[in-house]
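Remarks on the overall topology
For reference, the chains in residue letters:
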Amino acid sequence: FTMEVIMKLIIQQRPIAIDSILQRLNNPQNNNGDVVFDVMDEARNAHGLIKKFHHMGAQEYCAYDNKGDMIIKVHRDSMHFPPTCDAATTNGILGTVTRNMTFGTLDYEVDFGGYTITGDAFGRAYRVEQQGATIMQIRMDTPNLVKCYTIDLLGEIEEMTALALLMSIDCLNDSKRR
């Protein structure tokens, strides 16, 4: 059976322009973000953006609302094993998300909210559960060679928490590719 989607969010990576790559090479202290994702609803109304930074052995993802205020921050120190990141909102620290080493699936341990995350072996589809009930589904596509995530909110989960979980998954999976 299928559950009714309460809210759908689309998180789409902006194509990287060659001039921004050259600017980054010429000025490594540039803090505009290595990669930018637009966050929007199903009708393509803007909900904000996410910037991804790499610096000195760490990764940071910062989500901003439409006014430009930072609302979520996810941080990963690349020296930590197993891969773990810390998630926080403007309301305080949410906790940590850890990618477990498994065969055939991507499993994540979340130490807040009672969430469990399971993904397919290819990192294209994820299911977020709370107390055995699926409350969120995530799909990743790569149209035009850029990442595009679709989040289906199916149960009681706040938009900021959903974004923090997605940012954590992307951060931990990005570390796997490096």
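Residues numbered from 1 in each chain as written. Predicted model: local features only at pLDDT ≥ 70, side-chain atom pairs only at ≥ 80, totals over all residues. Heavy atoms only, no water.

1. Things to note about the sheet that holds strand 5 (residues 70–77)
The following threshold applies: Whether two strands pair comes down to DSSP finding at least two bridges between them. Under the DSSP-based scheme used, a helix requires at least four consecutive residues in state H or I and a strand at least two consecutive residues in state E, with every element numbered from the N terminus. Each axis is a line fitted through C-alpha atoms, taken for helices only over the stretch in contact, and angles between the N-to-C directions span 0 to 180 degrees.
Pairing in this closed barrel of twelve strands is antiparallel, and the strands run 1-2-3-4-5-6-7-8-9-10-11-12 around the ring. If you compare each strand with its neighbour and ignore which way they point, the axes differ by 20° on average. As paired strands, strand 5 and strand 6 (residues 84–89) are joined by four bridges and run antiparallel to one another. Bridging from a neighbouring strand, His75 pairs with Asp86 of strand 6.

2. Remarks on the environment of Arg44
How we decide: Exposure categories follow from relative accessible area, calculated using a 1.4 Å probe and restricted to protein chains: below 20% of the type maximum is buried, above 50% is exposed, and the middle band is partly exposed. A contact between two residues is defined here by any heavy atoms of the two lying within 4.5 Å.
Mapped onto the secondary structure, Arg44 falls in the loop between strand 2 (35–41) and strand 3 (46–55). Among the residues examined, Arg44 registers a relative accessible area of 47% and is labelled partly exposed. Expressed as a C-alpha distance, the spacing of Arg44 and Leu9, which sit 35 residues apart in the sequence, is 8.9 Å. Not counting chain neighbours up to four residues away, the residues in contact with Arg44 comprise Ile10 and Gln12.

3. What about unusual backbone geometry?
Within the chain, Arg44 stands out as a residue other than glycine whose phi angle is a positive 70°. Positioned with a positive phi, Gln131 is a non-glycine residue whose angle comes to about 55°. Tracing the backbone shows Gln131 in the loop between strand 10 (125–130) and strand 11 (133–141). Owing to a relative accessible area of 80%, Gln131 belongs among the exposed residues under this scheme.

4. Remarks on the confidence of the model for the chain
Keep this limit in mind: Each residue carries a pLDDT score, the predictor's confidence in it, ranging from 0 to 100.
Overall, the predicted model of the chain reaches an average pLDDT of 85, with 86% of residues at or above 70. Mean pLDDT across the elements of the chain ranges from a minimum in helix 1 (residues 18–26), with 58, to a maximum in strand 10, with 94.

5. Brief notes about the environment of His75
Short version of the rule: For the purposes of these results, a polar contact is taken to be a pair of N or O atoms within 3.5 Å, where, inside protein, one atom must be able to donate a hydrogen and its partner to accept one; residues adjacent in sequence count only when each atom of the pair is a side-chain atom.
Inspection of the secondary structure assignment puts His75 in strand 5. Between the C-alpha atom of His75 and that of Cys62, which follows or precedes it by 13 residues, the distance is 8.7 Å. The contacts of His75, once residues within four sequence positions are left out, are Ala58, Gln59, Glu60, Thr84, Cys85 and Asp86. Among the polar contacts made by the side chain of His75, one reaches the side chain of Glu60 at a distance of 3.3 Å.

6. Here's the deal with the side chain of Thr89
If you trace the backbone, Thr89 turns up in strand 6. According to the relative accessible area criterion, Thr89 is buried, its value standing at 14%. Residues in contact with Thr89, not counting those within four places in the same chain, are Ile71, Ile72, Leu94 and Met160.

7. Looking at the pairing of strand 5
The side chains of a regular strand alternate, residue by residue, between the two faces of the sheet. Where strand 4 (residues 58–64) and strand 5 come together, seven bridges link them in antiparallel fashion. Paired with Cys62 across the bridge in strand 5 is Lys73. The hairpin formed by strand 4 and strand 5 contains five residues between the paired strands, and Gly68 there has a positive phi angle of roughly 90°. Between the end of strand 5 and the start of strand 6, which pair antiparallel, lie six residues.

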